[in-house]
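Architecture at a glance
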Amino acid sequence: MRHFLVIVLIGLASSAFGATLQMPTENRVIIPGHWRPSGGYMDVALRCAAWFLEHPDVSDANSLREIALIRQHAREYRVQFIGTFRNGQTVLLCNFFPAPKPGEKQDPYSYWRSRRVEAKGGGFWFWRLEFDNAVGRCTNFAVNSNS
């Protein structure tokens with residue numbers, strides 16, 4: 001059943017949607033958590049995130065505005081994958097934050113490969129969601145507030 005869900009998600013997240021969050025492998029990292037996802041699991045999570053951005057299941061006007069901005073800047077992110085458990089199921093936290101801009105002299109998140117990037121504020125540049133393999137979709141979307 002689990003493999004079937006992965007295949008269905010890959011089919012649903014067609015290349016048109018998957019392109020939204022295509023990230024070079026150097027902009028992805030696994031941060032130690034409760035379990036370690038495989039490479040295929042991360043690819044499915046990115047496709048699911050892309051699908052979510054194109055078909056958000058949120059109705060809050062502010063969240064929808066933030067999602068529109070995220071889509072505009074989709075190729076400018078890095079992502080950390082952190083394996084965790086929720087209600088006895090494996091969940092993959094996908095933590096997105098900005099990649100260095102061309103010509104930027106110093107990476108403000110030089111530690112990003114070893115520990116989770118967290119920021120107060122920053123709006124759409126800092127967002128996260130969880131890929132829940134048990135339900136085969138992304139849940140718990142959140143964007144950092146500006147406070």
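Since we're looking at a predicted model, the values are computed, not measured. (Residues numbered from 1 in each chain as written. Predicted model: local features only at pLDDT ≥ 70, side-chain atom pairs only at ≥ 80, totals over all residues. Heavy atoms only, no water.)

Here the focus is the overall build of the chain. Counting secondary structure elements, the chain contains four helices and five strands. Reading the chain from its N end, one meets helices and strands in the order α-α-β-α-α-β-β-β-β. Relative to its full complement of 147 residues, the chain shows a buried share of 44%. By sequence separation, contacts in the chain at least 24 residues apart represent 64% of the contacts at least 6 residues apart. Carbon and sulfur atoms provide 53% of the accessible area of the chain, an area that totals close to 8,100 Å². (Helix = DSSP H or I, 4+ residues; strand = E, 2+ residues; numbered from the N terminus. Buried < 20%, exposed > 50% of the residue type's maximum accessible area, 1.4 Å probe, protein only. Contact = heavy atoms within 4.5 Å. Areas by Shrake-Rupley, 256 points an atom, 1.4 Å probe, with all protein chains shown as cover.)

Across the chain, pLDDT averages 84, with 84% of residues at or above 70. Averaged pLDDT values over the elements of the chain bottom out at 41 in helix H2 (residues 15–18) and peak at 95 in helix H4 (residues 61–72). Here residues 1–19 is modelled with pLDDT under 50, and outside its nearest four sequence neighbours on either side it reaches 22 contacts, counting other chains as well. (pLDDT = per-residue confidence, 0-100.)

Below, the discussion takes up the nonpolar core. Formed by 39 residues in total, the largest nonpolar core has its most connected members in Leu21, Leu92, Phe96 and Trp127. Where this core is concerned, the elements lending two or more residues are strand E1 (28–31), helix H3 (39–54), H4, strand E2 (77–86), strand E3 (89–98), strand E4 (127–132) and strand E5 (137–143). With ten residues, the top contributor of residues to this core is H3. (Core = buried A, V, L, I, M, F, W, Y, C linked by side-chain atoms within 4.5 Å.)

Let us now look at the pattern of salt bridges. Per the counting criterion, the structure on display carries five salt bridges. A salt bridge links Asp43 to Arg28; its shortest N-O distance comes to 2.8 Å. Residue Asp43 is found in helix H3, and its partner Arg28 is found in strand E1; the two are separated by 15 residues along the sequence. In this structure, Asp57 and Arg137 form a salt bridge, with 2.6 Å as the shortest nitrogen-oxygen distance. With Asp57 in the loop between H3 and H4 and Arg137 in strand E5, this pair connects stretches of sequence that are 80 residues apart. (Salt bridge = Lys/Arg side-chain N within 4 Å of Asp/Glu carboxyl O.)

Below, the discussion takes up the packing of aromatic side chains. Within this structure, the stated rule accounts for 13 aromatic pairs. Seen in terms of ring centroids, Phe97 and Trp112 are 5.7 Å apart; in terms of plane orientation they differ by 65°. Their pairing is edge-to-face. Of this pair, Phe97 sits in strand E3 while Trp112 is found in the loop between E3 and E4, placing the two residues 15 residues apart along the sequence. The class of Trp112 is buried, set by a relative accessible area of 5%. A ring pair is formed by Tyr109 and Tyr111, whose centres lie 6.4 Å apart and whose planes are at 75°; its orientation type is edge-to-face. (Phe/Tyr/Trp six-rings, centres within 6.5 Å; stacked < 30°, edge-to-face > 60°.)

We now examine the packing of H3 against H4. Orientation of H3 relative to H4, taken along the N-to-C sense of each, is 125°, at an axis distance of 9 Å. Judged by the inter-axis angle, H3 sits oblique to H4. As H3 packs across H4, the resulting crossing turns out to be left-handed. Within the contact between the two elements, H3 uses Phe52, Leu53 and Glu54 and H4 uses Ile67, Ile70 and Arg71. Of the residues that constitute the contact of H3 with H4, the class distribution is four nonpolar, no polar and two charged. (Axes fitted to C-alpha atoms, helices over the stretch in contact; angles between N-to-C directions. Parallel < 35°, antiparallel > 145°, perpendicular 65-115°, else oblique. Left-handed = near helix turned anticlockwise from the far one by under 90°. Nonpolar A, V, L, I, M, F, W, Y, C, P; charged D, E, K, R; others polar.)

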